[in-house]
Amino acid sequence: MTAVEHRLDITGMTCASCANRIERKLNKLPGVEATVNYALSTAHVVSDGTDDSVDARRLLQTVEAAGYRATIPVPEPTTSAPVDAIPAPHGEHAGHDEHAGPGDSGGHQHDPGDAGALLRRLVISATLGVPVALLSMIPALQFDNWQWLALALTGPVVVWGAWPFHRAAAVSLRHGGVTMDTLISLGILAAFGWSLYTLFFGGAGMAGMHMSFTLIGRPEAGADEIYLEVAALVTVLLLLGRWIEARAGVASRAALRALLELGAKDAALLRDGVETRVPVAQLAIGDRVVVRPGEKVPSDGVVVEGASAVDASMLTGEPVPVEVTVGDRVVGGTISSGGRLVVEIRRVGADTELARIRALMIDAQTGKARVQRLADRVSSVFVPVVIGLAVVAFAGWMLSGGSIEIAFTAAVTTLIIACPCALGLATPTAILVGTGRGSQLGILIRGPQVLEQTRKVDTIVLDKTGTVTEGRMRVAEVVPATGVDAAEVLRLAAAAEAGSEHPIGRAIAGADAAHPVATDFAAHAGFGVQSVVGDSLVLAGRLSWLADEWAINTSPLAASAAELEGRGSTVVAVAADGRLRGLVAVADTIKPTSAAAVAALRRLGLTPVLLTGDNLGAARAVASEVGIADVRAGVTPAGKLDAVRELQQQGRVVAMVGDGVNDAAALAAADLGLAMGGGTDAAITASDLTIVSGDLLAVADAVRLARSTLGTIRGNLFWAFAYNVAAIPLAMLALLNPILAGAAMAFSSVFVVLGSLRLRRFRPLPR
């Protein structure tokens, strides 16, 4: 059977228990595994295909049967990845439909438009509710029959202002469930109902009645107190908290929005020498497009004409533009800041780099870390437990001889102060902000479980070629013979190698672009090349080849050649007219930031290991320069996998960094796999983290960011748990005024969101 994946946008969730309820309903379907993200209002559903009746329609019906609405987002085929494709928290796509389900226009809607409607409800409720609070708390303002004015002002707040909470509670109850809105609605209605009772049947309606504000209930008050200020202010404070949370939710997704907005919308298609502006969606593989200075590259491709500096900071986080010319790869969404380019399209639609980043970002926000699963289990049973505790508090005070006012205070405060919303927001908001900040820095985190692995990792295995080193051969050093100029040696070698297809020959030829034109080129496989430069026969190749085949005296530079080879370089001897002119050392150069990156990884508590298929001399030379003691050379792709498993058998938790197909198995087997973005698709697919820039220093940044995100999640969960553990007993003992309980409940969720937003200030290590 083939597994089928579905993504659903869910409307109407107002708390973590809503998400848990939907998740349980979906997981009861045969062969279905579902994860519901409360912060994003999305569900990720995987069906194993064992039951043909479990299709998209049945999934939508299941969500609706739970009392919510769901839609399947339309897949976006273009490379531009518009913002509409981003998962929208809390019903963002639902607009302002009056029948959108529980929690609309007052539940946790993070869309700016919904936040505006929420703000209007908040302002009107505050305008009516604040005078009620002032009248109730300040005896000097209490004129004869003031309580009836307070009742007139409170009525609209309780009915209209708190309507989203009441309706969400009613819908949940109709479908056999209770949510956070159930607690809120019960608390507000209980306070208002008690006030009506005391006004009409108690002593609170008498002319000249006075009240004062206290943090705890007063036993002597009895049925002479009203709770209108509680009903009004709790509503206002909860609306305020949800509005702040909605605005913060928009900010927390700003990084991802900014990234996905960078895709080009149209392109200058070049056919038969004629340019035509077409939408990016119409581009096909093989098309050629023109990119002028200041324009965006419309899709991934290869430069076939021109040269320019390309700003790739939106993908790599690196502010310095990268020079590109014919044959270089460019990524859709990057900006040409120099000359005119003609780019041949190689990838379109979902295969592009931007689309792949979007997929990774959504995956990162779909799963759940183990710490969040504990919070889910708690919040799933939290609401019924709180209602039971409120009943226990009321009954306990009454049985112990307390006044009904004290018992009522304890019960209402217990209902109001409980807040599983903070538990539900703790992980998703931190992951949302953390992955968004990572995308700005060129760091893609695949999922929440990755964060937990970064905390445990103690060993990091680094592939050499393309990870620690550039992966491209360059001229590292030129050693001239006595009486010969180094520039002359390089000039002759570059001219002789100009016709070579070997990577070493191309590196030498490219080191002196002004070299003269050579003729009569001939290659001797495995030994070297010969060419005629001017009137001279020039040889470039192995020292032994020059000595044995051409009888050239190579002894003056034999020691220098041995020293260069000992440092890991490949040595090319250069001779002209039968005389040795010098040596050219070619090496895979070390990336400028590799040494600093290894030092940073050590500071993070990681032991670096260099793993390579290269010879031991070259590996040790690189390891010595960057500061790695443990070197394993001459390793095959299967050997890399064995090396990772050997370290794991020693009790180490291993991270692996690589970029090639030969690294894919080791990346998959490692406890934490990190792929360099310039590498192969196989390596990136097998990894947990992707470093788009290919800069090894960004690996240290990735570990730091992942650990910071995990730390934020744990901090959020700690405060959410601690808040409830500390607050509920105080509420049951009537040691809190319900107004303070409402304020604390509202701002606990805001505190969690603002805590997550601190990740936006994460700074990479200095380059």
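By convention here, each chain's residues receive numbers from 1 onward along its written sequence. Local features in this predicted model are restricted to residues of pLDDT 70 or higher, and side-chain atom pairs are both shown and tallied only at a pLDDT of 80 or more, whereas totals for entire chains, interfaces and linings draw on every residue. As a convention, hydrogens and water are excluded, and side-chain values are obtained from all of the structure's heavy atoms.

Let's talk about the overall build of the protein chain
In plain terms, the rule: Only DSSP runs of H or I reaching four residues or more are called helices, and only runs of E reaching two or more are called strands; each is numbered from the N terminus. Working definition: with a 1.4 Å probe on protein chains only, accessible area under 20% of the residue-type maximum means buried, over 50% means exposed, and in between means partly exposed. Contact criterion: two residues are considered in contact whenever any of their non-hydrogen atoms come within 4.5 Å of each other. Areas reported here follow the Shrake-Rupley algorithm with a probe of radius 1.4 Å; residue values treat only the protein chains shown as occluding.
Along its length, the protein chain carries 26 helices and 26 strands. Buried residues in the protein chain amount to 55% of all 767 residues. Taking the contacts inside the protein chain whose residues are at least 6 apart along the sequence as the reference set, 70% of them involve residues at least 24 apart. Entry remark: accessible area of the protein chain is about 30300 Å², with carbon and sulfur atoms responsible for 59%.

Remarks on the nonpolar core
Just so we agree on the cut-off: Nine residue types can take part in a nonpolar core, namely buried Ala, Val, Leu, Ile, Met, Phe, Trp, Tyr and Cys, and a core is a set of them joined through side-chain atoms within 4.5 Å.
Within the largest apolar cluster, 48 residues are counted, with the highest numbers of intra-cluster contacts made by Ile460, Leu462, Val657, Leu674, Leu689 and Val699. For this core, the element with the highest residue contribution is helix 25 (residues 697-732), accounting for 11 residues. Excluding residues within four positions of it along the chain, leucine 462 makes contact with Val468, Val598, Val609, Leu610, Leu611, Ile628, Val657 and Leu696. Formed by 44 residues, the second largest nonpolar core is a distinct cluster that contains Trp146, Ile188, Phe192 and Leu238.

Structural notes on the packing of helix 4 (residues 146-161) against helix 6 (residues 180-201)
When two helices pack together, their arrangement is given by the angle between their axes and by how far apart the axes lie. What counts here: The axes used here are C-alpha line fits, helices contributing only the stretch in contact, and every angle between their N-to-C directions lies in the interval 0 to 180 degrees. Angle categories are assigned with fixed cut-offs, so that under 35 degrees is roughly parallel, over 145 is roughly antiparallel, 65 to 115 is roughly perpendicular, and the rest are oblique. We call a crossing left-handed when the near helix sits turned anticlockwise from the far one by less than a right angle, and right-handed when that turn is clockwise. Only Asp, Glu, Lys and Arg are considered charged in this grouping, and only Ala, Val, Leu, Ile, Met, Phe, Trp, Tyr, Cys and Pro are considered nonpolar; every other residue, Gly among them, is considered polar.
The contact between helix 4 and helix 6 brings their axes to 12 Å, and the two run at 155°. Taken together, the axis directions place helix 4 and helix 6 in an arrangement best described as roughly antiparallel. The interaxial crossing formed by helix 4 with helix 6 has left-handed handedness. In this structure, helix 4 uses Gln147, Trp148, Leu151, Thr154, Gly155 and Val158 to contact helix 6, whose residues at the interface are Ile188, Leu189, Phe192, Leu196, Leu199 and Phe200. Residues of the contact of helix 4 with helix 6, tallied by class, amount to 9 nonpolar, 3 polar and no charged.

Quick look at unusual backbone geometry
Note: most peptide bonds trans; most residues except glycine with negative phi. With a phi angle near 55°, aspartate 520 is a residue other than glycine that sits in the positive phi range. Inspection of the secondary structure assignment puts aspartate 520 in strand 17 (residues 518-524). On the basis of relative accessibility, which here comes to 59%, the residue aspartate 520 falls in the exposed class. Positive phi, close to 55°, is recorded for alanine 551, a residue that is not glycine. With respect to the secondary-structure elements, alanine 551 resides in the loop between helix 18 (543-550) and helix 19 (558-566).

Details of the sheet that holds strand 11 (residues 329-330)
Defined as follows: A strand pair is defined by DSSP finding two or more bridges across the two strands.
One open sheet holds the 6 strands; their spatial order is 6-5-7-13-8-11, and the pairing between them is antiparallel. The two strands at the open ends of the sheet, each matched to only one other strand, are strand 6 (274-279) and strand 11. With 5 bridges joining them, strand 8 (residues 301-306) and strand 13 (residues 341-345) adopt antiparallel strand pairing. By the bridge assignment, glycine 301 is partnered in strand 13 with isoleucine 345.

Structural notes on the pattern of salt bridges
Heads up, the rule is: Any carboxyl oxygen of Asp or Glu within 4 Å of a side-chain nitrogen of Lys or Arg constitutes a salt bridge here.
Tallied over the full model, the rule gives 12 salt bridges. A salt bridge links aspartate 266 to arginine 277, with the shortest nitrogen-to-oxygen separation between them at 2.8 Å. With aspartate 266 in strand 5 (residues 266-271) and arginine 277 in strand 6, this pair connects stretches of sequence that are 11 residues apart. Here glutamate 305 and arginine 340 are joined by a salt bridge, their closest N and O atoms 3.2 Å apart.

Some remarks on the sheet that holds strand 10 (residues 322-324)
Pairing is antiparallel in the open sheet, where 3 strands are placed in the order 10-9-12. With partners counted over all chains shown, the strands left at the sheet margins are strand 10 and strand 12 (335-336), one partner each.

Looking at the packing of helix 6 against helix 12 (residues 404-417)
Viewed as axis vectors pointing N to C, helix 6 and helix 12 meet at an angle of 155°, and their least axial separation amounts to 8 Å. One element, helix 6, and the other, helix 12, form an angle in the roughly antiparallel class. In terms of crossing hand, the pair formed by helix 6 and helix 12 is left-handed. Across from Leu183, Leu186, Gly187, Ala190, Ala191 and Trp194 in helix 6, the residues of helix 12 making contact are Ile404, Phe408, Val412, Leu415 and Ile416. The residue makeup of the contact of helix 6 with helix 12, split by class, is 10 nonpolar, 1 polar and no charged.

Side note on the packing of aromatic side chains
This is how the line gets drawn: For Phe, Tyr and Trp, where Trp contributes only its six-membered ring, two rings pair if their centres lie within 6.5 Å, and the inter-plane angle classes them as stacked under 30 degrees, edge-to-face over 60, or tilted in between. For a lysine, the NZ atom is tested; for an arginine, the CZ atom; a charge sits over a ring if that atom is within 6 Å of the ring centre and within 35 degrees of the ring normal.
For the coordinates displayed, the defined rule picks out 5 aromatic pairs. Ring centres of tryptophan 194 and phenylalanine 408 lie 5.1 Å apart, and the angle between their planes is 25°; on these two criteria the pair is classed as stacked. Taken as a pair, tryptophan 194 in helix 6 and phenylalanine 408 in helix 12 lie far apart in primary sequence, 214 residues in all. Phenylalanine 408 shares its class with tryptophan 194; the two are buried. Between tyrosine 197 and phenylalanine 201 the ring centres are 6.0 Å apart and the planes differ by 35°, which places this aromatic pair in the tilted class. Taken as a pair, tyrosine 197 and phenylalanine 201 lie in helix 6 at a separation of 4 residues, close to a single helical turn. Aromatic rings pair up to connect Trp194, Tyr197, Phe201 and Phe408 into one cluster. We note arginine 121 situated over the ring of tryptophan 160; from NZ or CZ to the ring centre the distance is 4.7 Å.

Considering the UniProt feature "transmembrane region" (unreviewed entry) in the protein chain
Where we set the bar: UniProt positions are given in the numbering used here, feature names are shortened, and annotations may be inferred rather than shown by experiment.
Within the UniProt annotation, "transmembrane region" (unreviewed entry) is assigned to residues 122-140, 146-163, 183-206, 226-244, 378-400, 406-433, 717-736 and 742-759. Between the first and last C-alpha atoms of residues 146-163 the distance is 25 Å; the span itself is 94% helix and 0% strand. Each end of residues 717-736 is marked by a C-alpha atom, and these two atoms are 23 Å apart; helix forms 80% of the span and strand 0%.

Topic: a nonpolar patch on the surface
Formally: Patch building starts from residues that exceed 30% relative accessible area and form no salt bridge, then joins like charges within 9 Å and nonpolar side chains (Val, Leu, Ile, Met, Phe, Trp, Tyr) within 5 Å.
Together, Val130, Leu134, Ile138 and Leu141 line one region of the surface with nonpolar side chains, adding up to about 310 Å² of accessible area. Residue placement: valine 130 occurs in helix 3 (residues 112-137). The exposure class assigned to valine 130 is partly exposed, which follows from its relative accessible area of 38%.

Quick word on the pairing of strand 17
Two elements, strand 17 and strand 18 (residues 528-533), share 5 bridges in a ladder whose sense is antiparallel. Its bridge partner lying in strand 18, alanine 518 is registered against valine 533. Between strand 17 and the antiparallel strand that follows it, strand 18, lie 3 residues; glycine 526 among them carries a positive phi value of about 85°.

Points about the environment of arginine 21
Mapped onto the elements, arginine 21 comes out in helix 1 (residues 16-27). Classification of arginine 21 by relative accessible area gives buried; the value is 6%. Measuring from C-alpha to C-alpha, the distance between arginine 21 and valine 36 comes to 9.3 Å, with 15 residues separating the pair along the chain.

Describing the environment of valine 654
Secondary-structure assignment places valine 654 in strand 24 (residues 654-658). Under the relative-accessibility criterion, valine 654 is labelled buried at 0%.

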